[in-house]
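Inside the fold
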Amino acid sequence: MIRYDLICDHGHTFEGWFSSSSDYDDQAGSGLLSCPACNTPKVEKAIMAPAVKTARKVEARSEKAAKKAMSMVAAKIREEVSKNCDNVGENFAEEARAIHYGEKPSRGIYGSVTDEDSSALKDEGIEAHPLPDAFVPDPPKTKLN
Ligand SMILES: [Zn+2]
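Residues numbered from 1 in each chain as written. Predicted model: local features only at pLDDT ≥ 70, side-chain atom pairs only at ≥ 80, totals over all residues.

With that out of the way, let us pick up the overall build of the protein. When its secondary structure is counted, the protein shows four helices and five strands. When the helices and strands of the protein are placed in sequence order, the string is β-β-α-β-α-β-α-β-α. Here the protein holds 145 residues, and 8% of them are scored as buried. Long-range contacts, defined here as pairs at least 24 residues apart, represent 48% of the contacts in the protein between residues at least 6 apart. (Helix = DSSP H or I, 4+ residues; strand = E, 2+ residues; numbered from the N terminus. Buried ≥ 20, exposed ≤ 12 C-beta atoms within 10 Å, placed from the backbone. Contact = placed C-beta atoms within 7 Å.)

As a further point, take the pairing of strand β5 (residues 108–111). Sheet analysis places strand β4 (residues 85–89) next to β5, joined by four bridges and oriented parallel. The residue bridging aspartate 86 from the neighbouring strand is isoleucine 109, located in β5. Between the parallel pair β4 and β5, the chain is carried across by helix α3 (residues 92–100), and the sense of this crossover is right-handed. (Pairing = 2+ DSSP bridges. Right-handed = clockwise from strand over helix to strand, strands pointing away.)

Inspection of the secondary structure puts cysteine 35 in the loop between α1 (21–29) and β3 (43–45). What makes cysteine 35 partly exposed here is the crowd of 19 C-beta atoms within 10 Å. For the pair cysteine 35 and threonine 13, spaced 22 residues apart in sequence, the C-alpha to C-alpha distance is 8.2 Å. Not counting residues up to four positions away in its chain, the partners in contact with cysteine 35 are Cys8, His10, His12, Phe14, Thr40 and Val43.

Here we come to the sheet that holds β3. Strand order in this open sheet of three strands is β2-β1-β3, and the pairing throughout is antiparallel. At either margin of the open sheet sits one strand with a lone partner, and together these are β2 (13–18) and β3. Within this sheet the neighbouring strands show an average axis-to-axis angle of 40°, counted without direction. Sheet analysis places strand β1 (residues 2–8) next to β2, joined by six bridges and oriented antiparallel. Counted as the bridge partner of tyrosine 4 is glycine 16 from β2. (Axes fitted to C-alpha atoms, helices over the stretch in contact; angles between N-to-C directions.)

Attention now goes to unusual backbone geometry. Of note, asparagine 39 is a non-glycine position whose phi angle comes to about 70°, a positive value. Structurally, the position occupied by asparagine 39 is in the loop between α1 and β3.

Its place among the elements puts leucine 32 in the loop between α1 and β3. Judged by local crowding, leucine 32 falls into the exposed class, with 10 C-beta atoms found within 10 Å. Residues leucine 32 and valine 43, eleven residues apart in the sequence, show an inter-C-alpha distance of 9.9 Å.

Where β1 hands over to β2, the hairpin turn is made up of four residues, of which glycine 11 adopts a positive phi near 90°. Pairing between β1 and β3: three bridges, direction antiparallel. Across the sheet, the residue bridging to leucine 6 is lysine 45, located in β3.

Positionally, lysine 45 belongs in strand β3. For lysine 45, a count of 13 C-beta atoms within 10 Å gives the class partly exposed. For the pair lysine 45 and tyrosine 24, spaced 21 residues apart in the sequence, the C-alpha separation amounts to 9.4 Å. Ignoring sequence-local partners within four residues, the contact set of lysine 45 consists of Tyr4 and Leu6.

What follows is the structure, given as structure tokens:
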């Protein structure tokens, strides 16, 4: 079965079910089709293009919504990071060590680290994770050394 959206010459739209497209042609050709609203046999297939346009618009809109959701997530993470972690800037490696060895109370920190420091920390068994740029609070406000 196939479904066609149909429209009469008075602009009434309705749907019709046919076993095939030639079934539609047969029924339309022999005047068996009529509008359920005004009974006119002048019925034709509605042009579907506007529906396609709408679908594209919806797609574009959901992509926008997804991007917005992503940036809201990033903003939330930035907020969490800035609330719960100290920006120690370039002292990151030093601070991470101090916390790891119990010289300073445990706390969340973030900052920049050189590749050299990064691998040194790893060798010492100190956990540090790269923070994607989108998640770095910007601009770093308080708690700067
Ligand atoms: Zn009609």
